[in-house]
Amino acid sequence: MASAVQLIDPPSTPKVSEVTVFVAKKIVTMDPAIPNATAVAIADGRILSVGSLEDMKPWTDKYPTKIDRQFANKVMYPGFIEPHAHPLLAGILFNKPLLTSSPMPNPWGAPFPGVPTLPAAMAQLKKYSDPIKDPNETLLTWGYDAVSMGKQPDRQLLDQASTTRPIIVWDISGHDMYVNSAFIKSYGITPDQVKNIKGVGLDKDGQLNGQFLEIAAMQYILKVAGKDILKPHEIPNDFMYINDLMQQAGITTSGDLAFGTMNIDMETKISKAYTQSPNTALRLVPVVYAEPFIQKYGDKAIAEAQNLKQQDNDRLIFQGVKFYSDGGLSSRDDAHGAPRLYQWHLRLF
């Protein structure tokens, strides 16, 4: 869960110079007062009226009107608004080798069937690793569900897939990462280097156990291995993946509740290019994540966050600041057998 301050502008009055009326076999309005309709009038990207073609006359008699009948034999539904996702991160992860326990849809091919058991997950991980020709290439997988599997992986478990290839397993919550022994060795990580980072796991001998739990520990992994697993030339393709996946689900608008987490400049550039492309359809509403802006801009963080509004277009709407985030519930138990919930907080501007 997360909280965000929404700096919402009051709705503007549409500028009506011309009206377009879409006619359909049926329009599902989601309004119990008028649950179904056959015509909807729009102008300036806003809905003016819903009802029958006759009901549109107050608008069509006053303004030049285009009657669009391309949906005359179809049923129209309003687009779903997804309020709390991370479209860019989701595109990057969903388009990677999957370890989800449940089936995952694929807009470009066959769905992933899921790996319902821990042995199946480890076997699938080995299947991903074995065919990679470069023995030093880091393998990133996503979707392992510690709750479903009943166990959080450690380096010894992941070593079953490979003792030589660096491997990262990103938990389905997005909050935890697990790595194998080859990863720790390849990136030269020592207990002393990470002793002040909360969430880094150690075994009984004081050695790294391969568990990097919650945001601070996870961001450390991204820092040391990000260049090898988050490749800029792949990002446009990843964004198209989530675009097509959301479009299949009827989602037309998605919030990004952690804008700037990975890289502020990169995310700004790719969001602008994405929402100006004729090949994409999703409307993005990014909410600035406070901490990365404070780290990058210091006392100018507020001004830099506000300046992003200059990038707005009809499909990109920067709105608000997220200043608090709590952790993900994991299956790891503490000494008293209670599920542990890691929490972290961001400063308020």
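Scroll up for the structure.
Residues numbered from 1 in each chain as written. Predicted model: local features only at pLDDT ≥ 70, side-chain atom pairs only at ≥ 80, totals over all residues. Heavy atoms only, no water.

Colleague: Looking at this structure, how should I read the overall build of the chain?
Modeller: Each helix and strand in the chain was counted, giving eleven helices and 15 strands. Burial status across the chain gives 44% buried among its 349 residues. Sequence-distant contacts, at least 24 apart, represent 66% of the contacts inside the chain between residues at least 6 apart. (Helix = DSSP H or I, 4+ residues; strand = E, 2+ residues; numbered from the N terminus. Buried < 20%, exposed > 50% of the residue type's maximum accessible area, 1.4 Å probe, protein only. Contact = heavy atoms within 4.5 Å.)

Colleague: Whenever I open this one, the nonpolar core confuses me. Can you help?
Modeller: Counting residues in hydrophobic clusters, the biggest one holds 72 residues, and the most contacted among them are L125, Y144, I168, I189 and I221. Take this core: its biggest share by element is eight residues, from helix 7 (residues 215-229). Those residues in contact with I168 that sit more than four places away from it in its chain are T138, L139, L140, T141, M177, Y178, V179, F183, I221, A225 and I229. Residues V19, V21, A39 and A41 belong to the second largest nonpolar core, which totals eight residues. (Core = buried A, V, L, I, M, F, W, Y, C linked by side-chain atoms within 4.5 Å.)

Colleague: Where do I start with the pattern of salt bridges in this structure?
Modeller: Between side chains of opposite charge, a pair can form as their charged atoms come close. Going through the model one piece at a time under the given rule, you end up with nine salt bridges. With a shortest N-O distance of 3.5 Å, K126 and D130 are connected by a salt bridge. Taking the shortest distance from any N to any O, the salt bridge between K195 and D192 comes out at 3.2 Å. Assigned by exposure class, K195 and D192 land together as exposed. The structure contains a network of salt bridges with shared partners spanning K96, E234 and D238. (Salt bridge = Lys/Arg side-chain N within 4 Å of Asp/Glu carboxyl O.)

Colleague: Sorry, what's going on with the sheet that holds strand 3 (residues 36-43) here?
Modeller: Read across the open sheet, the four strands follow the order 4-3-2-5; overall the sheet is mixed. Of all strands in the sheet, those bounded by a partner on one side alone are strand 4 (46-51) and strand 5 (65-76). Taking each pair of neighbouring strands and ignoring which way they run, the sheet shows an average axis angle of 20°. Taken together, the six bridges between strand 2 (residues 19-28) and strand 3 define a ladder with antiparallel strand orientation. The residue of strand 3 that forms the bridge with I27 is A37. (Pairing = 2+ DSSP bridges. Axes fitted to C-alpha atoms, helices over the stretch in contact; angles between N-to-C directions.)

Colleague: Help me out: how do you make sense of the sheet that holds strand 9 (residues 176-179) in this one?
Modeller: Two pairing modes exist for strands in a sheet, parallel and antiparallel, and in both the strands are linked by backbone hydrogen bonds. One open sheet holds the five strands; their spatial order is 7-8-9-11-10, and the pairing between them is mixed. Looking at strand neighbours, the two that pair on one side only are strand 7 (139-144) and strand 10 (200-202), the edges of this open sheet. Strand-to-strand twist across the sheet, computed as the mean angle between neighbouring axes with direction ignored, equals 25°. Pairing analysis gives three bridges linking strand 8 (residues 167-171) to strand 9, with the strands arranged antiparallel. Looking at the pairing, W170 lines up with M177 of strand 9.

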